[in-house]
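Report on the structure
Here's the letter readout for the chains.
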Amino acid sequence: MEATGAAAIVSGGASGLGEATARRLHAAGAQVTIVDFNMEKGEALARELGLKFVKCDVTDAEQVAEAVAAAAEDAPLRIAVNCAGTGTAVRTIAKDGTPHIRSEWDRVVDINLLGTMLCMTHEASVISRSEPLADGSRGVIVNTASVAAFDGQIGQLAYSASKGAVVAMTLPAARDLAVVGVRVCTIAPGLMDTPLLGMLPAEAKKALGESVVFPKRLGDPDEFARMAMAVIDNDYLNGEVIRLDGAIRMQPK
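The sections below set out a description of the structure shown in this document. Please read all numbers here as calculations on a predicted model, not as lab measurements.

1. Digging into the sheet that holds strand E3 (residues 52–55)
An order of E3-E2-E1-E4-E5-E6-E7 is seen for the seven strands of this open sheet, with the pairing classed as parallel. Single-partner strands in this sheet number two, and they are E3 and strand E7 (241–244). The average angle at which neighbouring strand axes cross in this sheet is 20°, direction not considered. The pairing of strand E4 (residues 77–82) with strand E5 (residues 139–144) spans four bridges and is classified as parallel. Counterpart to Asn82 in the pairing with E5 is Asn143. Packed on one face of the sheet, helix H5 (residues 157–177) meets E5, strand E6 (182–189) and E7 and runs near 165° to E6.

Encoded structure:
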């Protein structure tokens, strides 16, 4: 899938993994639309790179549909990378036996799972109406899970469930969309140096990095972006979940 001249959409594109991916796609010649809930960061990045920005709550189907339509206004939509996500730390029961906080479960699952599904289905719908390339391909969708889908830690019940479901959607989505020539893959990153981890003290970040098998450091968001670009470029990658984690296997805590 050639990025040059194609329209691309990156949800959660204003910071972290999404920002790095938007930068890579822009450098490759794609017409990138950044989609994010954070208007300040999204508009700043769009101004810097000369891109389109659409403010969007990914849990709102109408807003997602409008954002995807905007991304396809100037060129055929071929590429979608979905990075919008959030986290929480709530145990199945608290130390005093209190049940899980339902509102936190709903918030995390809505953004990470429902948001990914809504973005994917609306993106696929628009991509499916584009003219196919010579080999029948129309586009590619890359979703974002996490190693927590496989190695969920204490307090990650909702997060692991949401990311595990993104992993589980990968193959059926690829099978569903094969008929219209759209590939679907998922990247499951490990410990990445994103704004969320950026709030930690330097010593805490160093300790996290040293827990990685090799290389002993946090992943760089650009390494995620490069993996996304590799998936986009390689037409035989489909229905696959790729761990990008320095061989880490997360401990209970």
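From this point on, the discussion continues.
2. As for the side chain of Asn143
Here Asn143 lies in strand E5. Side chain to side chain, Asn143 and Asn82 meet in a polar contact 2.9 Å long. Asn143 has contacts with Asn82, Thr116, Met120, Val166, Val184, Cys185, Thr186 and Ile187, leaving out every residue within four places of it along the chain.

3. Focus on the packing of aromatic side chains
Going through the model one piece at a time under the given rule, you end up with zero aromatic pairs. Directly above the ring of Phe37 sits Lys55, whose terminal nitrogen or CZ lies 4.0 Å from the centroid.

Thresholds, definitions, all that
- Residues numbered from 1 in each chain as written.
- Predicted model: local features only at pLDDT ≥ 70, side-chain atom pairs only at ≥ 80, totals over all residues.
- Heavy atoms only, no water.
- Pairing = 2+ DSSP bridges.
- Helix = DSSP H or I, 4+ residues; strand = E, 2+ residues; numbered from the N terminus.
- Axes fitted to C-alpha atoms, helices over the stretch in contact; angles between N-to-C directions.
- Contact = heavy atoms within 4.5 Å.
- Polar contact = N/O pair within 3.5 Å; in protein donor to acceptor, adjacent residues only side chain to side chain.
- Phe/Tyr/Trp six-rings, centres within 6.5 Å; stacked < 30°, edge-to-face > 60°.
- Lys NZ or Arg CZ within 6 Å of the ring centre and 35° of its normal.

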